[in-house]
Structures are given as structure tokens and as C-alpha cells.
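# Inside the fold
Single-letter residue listing:
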Amino acid sequence: MNYQEFVTNVKEKVKSMLGESLKVEIVTTLKNNGSERIGLSISDSSINISPTIYLEEFYQYHNCMISLDHIAQEIISLYEEVRLDHDIDIDHIRDFSLAKHSIGYKLINASLNQELLKKIPHHNYYEFAIVFIMFIDTEPHSHGTILITEELMKLWKTNINELYEIAHKNMPAILPISLVPMHDMVCELLHDDATDYLKDNPLYIFTNKKRTLGASVLLYDNALSYVAQKLNDNFYILPSSIHELIIIPASLSPRITELNKMIKEVNKTQILPEEILGERAYYYDAKLNRLL
């Protein structure tokens, strides 16, 4: 069964199991870096927002001989976990006096998003673009976001410079920085302290407390000088993904040519296409307080 057949069959299974009370549709979403993902939108007519559940991982399960019935039940269980039981306040989005408290930014790769950047306000920053988002509170699950477009900026009667000033003020409060040794991060993710082989690893993960869109910490005031003080060293930054940066103390780092090779290899083999951020390493000089 090819992927398109799988998507169609799963949709029909989920629709059959849920009955007529919910609407099930196949949606294709344009994601970061021009990548597309196919998912199921499951919507309740009484609520104005619905989750999309992407199917690539479930297709891998099917290729491992997991039945369509079981996969459909897993999708329904996931929907029950992430669905909201209330409307999103649209007035909160349309009213700039309310919306501005939820405005932030994220870093994306500029060259991989040229078409998108023609349609949205942004600032260029090295090989990246700073684009603006609005956080939508979907607790208890997580922060949702919407991308701020030219149309929304005009509705708010604001401009790109004001958006940046507001986002720059908001971000450290919404998503505070986090600098964690690689060893500690792996233990946290794996829930396993048996990672002694990483204890002498010189790498750090620089992100935020939510571990999402964490590369934006690069922009925070005094963030890089904070890292330098913690390491007592200059350092290299590897743009690992849109969610995190890898920090290597300069005194323990390979040459930058090796770092650049590492980034390109990881991008090819380890990072989802929509999460790729950069293709080269950067050097931070603490005395100059500059990124080189």
C-alpha cells in the first residue's frame, strides 16, 4: 500500500469509528522550509479550532505490520488527548491591544523559505530570517502559534519595527532561556541516567524552557554573553534546528571546517526537513561581544 492509499484508508477507518458527530478530512499543510505534510483534521462543529494529526509516523507503523484498525484507534486516542473543549477567542487575535502581549518571533532558514518570506513581515539575520508569531494558549497541552502575515499586520495598523520591539520584549518571559549540558539533556529525554559515555561530552544545548522554537534565544539581549560567562570561554554555535542550538566551547572545539561538515551531515540524516535551520557554524567572541 503506497502512502496516498494509506492516508485514504486511515481516514475512512477513523471516520467510521467516530461516526457522524465529528468531521474527518485529509489536509496538506505547507510547513517550514517549503516541506509539505499530510494529516487528518478532526473537527467538532461546536468548536472553532481543530487539531491536525500528521500520518507519516503512523505509515511507518503500518509498514511494520500494525493493522489499520489499531492505527485508527491510536489516532483517535491522540485526538482525545490534544483536542480543545472550548473556542479560541478570535477577538483576542484581531484586537492589537490584546494581541500584542502574545506576539513573539522565531528563526527560520532564509534561503529555504524564499516564497514564504515574500508574503510575511520579517527581518534578515545572517543566513536566517526572523519571522513573527502569535502564541495561542492551548494549555494544558502547549503553546500553539499562528504566523503573523502582512494582512494581520495591516489589520493591527502596526509595522515590522514595532512588531520586533514587542516580540523582543515578550520572548524572554514567554520562553525563558535554558543552557543544558548535552549529557543532562539526553538523560532527560531518555529518562535514563545510564549515559556515562556522554559525561565528558563538551556540547551544550541552548534553547528555551519549553524546548520549542528554541533557536530564537540567539536574539535575546545578553544571551550570548550569558553563555560565555557560564562557559568561561568563547564558543561556537551550531544551528542544530529551529528548536535548539548546540554550543561548543572554543577551547574544546574541532576546526570550523569540521563543524560545518557535521552540520550538513546532521541536516541530511537526523533533522526533519521542516526543522532545518542553518548550514554553517558561528563563532562568538566575548571580548568583542560579537557573532562572527
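Provided above is the structure to which this section pertains.
Let us look at the structure shown here. Not measured: the values here are computed from a predicted model.

Cut-offs applied
- Residues numbered from 1 in each chain as written.
- Predicted model: local features only at pLDDT ≥ 70, side-chain atom pairs only at ≥ 80, totals over all residues.
- Heavy atoms only, no water.
- Helix = DSSP H or I, 4+ residues; strand = E, 2+ residues; numbered from the N terminus.
- Rg over C-alpha atoms; globule rule 2.2 N^0.38 Å.
- Buried < 20%, exposed > 50% of the residue type's maximum accessible area, 1.4 Å probe, protein only.
- Contact = heavy atoms within 4.5 Å.
- Areas by Shrake-Rupley, 256 points an atom, 1.4 Å probe, with all protein chains shown as cover.
- Lys, Arg positive; Asp, Glu negative; His and termini not counted.
- Charge placed at Lys NZ, Arg CZ, Asp CG, Glu CD.
- Polar contact = N/O pair within 3.5 Å; in protein donor to acceptor, adjacent residues only side chain to side chain.
- Pairing = 2+ DSSP bridges.
- Axes fitted to C-alpha atoms, helices over the stretch in contact; angles between N-to-C directions.
- Left-handed = near helix turned anticlockwise from the far one by under 90°.
- Nonpolar A, V, L, I, M, F, W, Y, C, P; charged D, E, K, R; others polar.
- Expected span 1.5 Å × (residues − 1).
- Arc of directions from axis to C-beta.
- Core = buried A, V, L, I, M, F, W, Y, C linked by side-chain atoms within 4.5 Å.
- Salt bridge = Lys/Arg side-chain N within 4 Å of Asp/Glu carboxyl O.

## As for the overall build of the protein
A tally of regular secondary structure across the protein gives 11 helices and 13 strands. At 21 Å, the protein has a C-alpha radius of gyration in line with the 19 Å of a compact globule built from 292 residues. Reported as C-alpha extents along the three principal axes, the dimensions of the protein are approximately 65 × 50 × 35 Å. In the protein, buried positions account for 45% of the 292 residues. Partitioning the contacts of the protein with sequence separation of at least 6, the portion at a separation of at least 24 is 60%. When the accessible surface of the protein is totalled, it reaches about 16100 Å², and 50% of it is carbon and sulfur. Taking the average place of the 27 positive charges on the side chains of the protein and the average place of its 40 negative ones, the gap between the two points comes to 7 Å.

## Considerations on the side chain of histidine 168
With respect to the secondary-structure elements, histidine 168 resides in helix 8 (residues 160-174). In this structure the side chain of histidine 168 is engaged in a polar contact, spanning 2.9 Å, whose partner is the side chain of tyrosine 105. Beyond its immediate sequence surroundings of up to four residues, histidine 168 is in contact with Tyr105, Leu219, Tyr220 and Asp221.

## Overview of the sheet that holds strand 3 (residues 52-54)
The 3 strands lie next to each other as 1-2-3, forming an open sheet whose pairing is antiparallel. Edge strands, defined here as strands with exactly one partner in the open sheet, are strand 1 (23-30) and strand 3. Between one strand axis and the next, the sheet turns by 35° as a mean value, whatever way the strands run. Here 3 bridges tie strand 2 (residues 36-43) to strand 3, and the two strands are oriented antiparallel to one another. Across the sheet, the residue bridging to leucine 40 is isoleucine 53, located in strand 3. Sitting on the sheet, helix 1 (residues 3-18) is in contact with strand 1 and strand 2, with an inclination near 10° to strand 2.

## Considering the packing of helix 1 against helix 3 (residues 68-82)
Where helix 1 meets helix 3, the axes come as close as 9 Å, and the angle between the chain directions of the two elements is 65°. Crossing geometry of helix 1 relative to helix 3 is assigned as right-handed. On the side of helix 1, the interface is formed by Phe6, Asn9, Val10, Lys13, Val14, Met17 and Leu18, while helix 3 contributes Leu68, Asp69, Ile71, Ala72, Gln73, Ile75 and Ile76. Of the residues contributing to the contact of helix 1 with helix 3, the split by class is 10 nonpolar, 2 polar and 2 charged.

## Observations concerning helix 1
With 16 residues, helix 1 should cover 22 Å at 1.5 Å per step; its first-to-last C-alpha distance of 22 Å lies within 8% of that length. Looking at helix 1, one finds that the buried residues are Phe6, Val7, Val10, Lys11, Val14 and Leu18. Down the axis of helix 1, the buried side of the element spans an arc of 135°, and every buried residue falls inside it. One side-chain oxygen at the N-terminal end of helix 1 lies 3.2 Å from the backbone nitrogen of glutamine 4; it belongs to asparagine 2.

## Overview of the nonpolar core
Ranked by internal contacts, the top residues of the largest apolar core, which has 44 residues, are Trp156, Phe206, Phe235 and Ile237. A total of 7 residues in this core trace back to one element, the largest contributor, which is strand 6 (residues 128-138). Listed in part, the 20 residues of the second largest apolar core include Val10, Ile42, Ile71 and Tyr79.

## Overview of the environment of glutamate 115
Considering the arrangement of structural elements, one finds glutamate 115 in helix 6 (residues 114-117). Residues glutamate 115 and glycine 34, spaced 81 residues apart in sequence, show a C-alpha to C-alpha distance of 8.2 Å. Within polar-contact distance, the side chain of glutamate 115 engages the side chain of lysine 118 at 3.0 Å.

## What to know about unusual backbone geometry
For tyrosine 126, which is not glycine, the phi dihedral falls at a positive 50°. Inspection of the secondary structure assignment puts tyrosine 126 in the loop between strand 5 (122-125) and strand 6. Positive phi outside glycine occurs at asparagine 222, with the angle close to 65°. For asparagine 222, the position within the fold is in the loop between strand 9 (204-208) and helix 10 (223-231).

## Concerning helix 10
Of the positions making up helix 10, those classed as buried are Ala223, Leu224, Val227, Ala228 and Leu231. Each buried residue of helix 10 sits inside an arc of 140° when the element is viewed along its axis, so together they form one side. Seen from the open side of helix 10, the exposed residues pointing more than 90 degrees away from its buried face are Gln229 and Lys230. Those residues of helix 10 that are buried are in contact with strand 8 (177-181), strand 9, strand 10 (235-241), strand 11 (244-249), strand 12 (282-285) and strand 13 (290-291).

## Details of the pattern of salt bridges
All chains considered together, the criterion is met by 7 salt bridges. Glutamate 12 is the partner of lysine 11 in a salt bridge, and the nearest nitrogen-oxygen pair spans 4.0 Å. Salt-bridge contacts for glutamate 25 lead to lysine 23; the nearest nitrogen and oxygen are separated by 3.5 Å. Residue class for lysine 23 comes out partly exposed when judged on its relative accessible area of 49%. Shared partners join several salt bridges into a network, and the residues in it are Arg37, Glu56 and Glu274.

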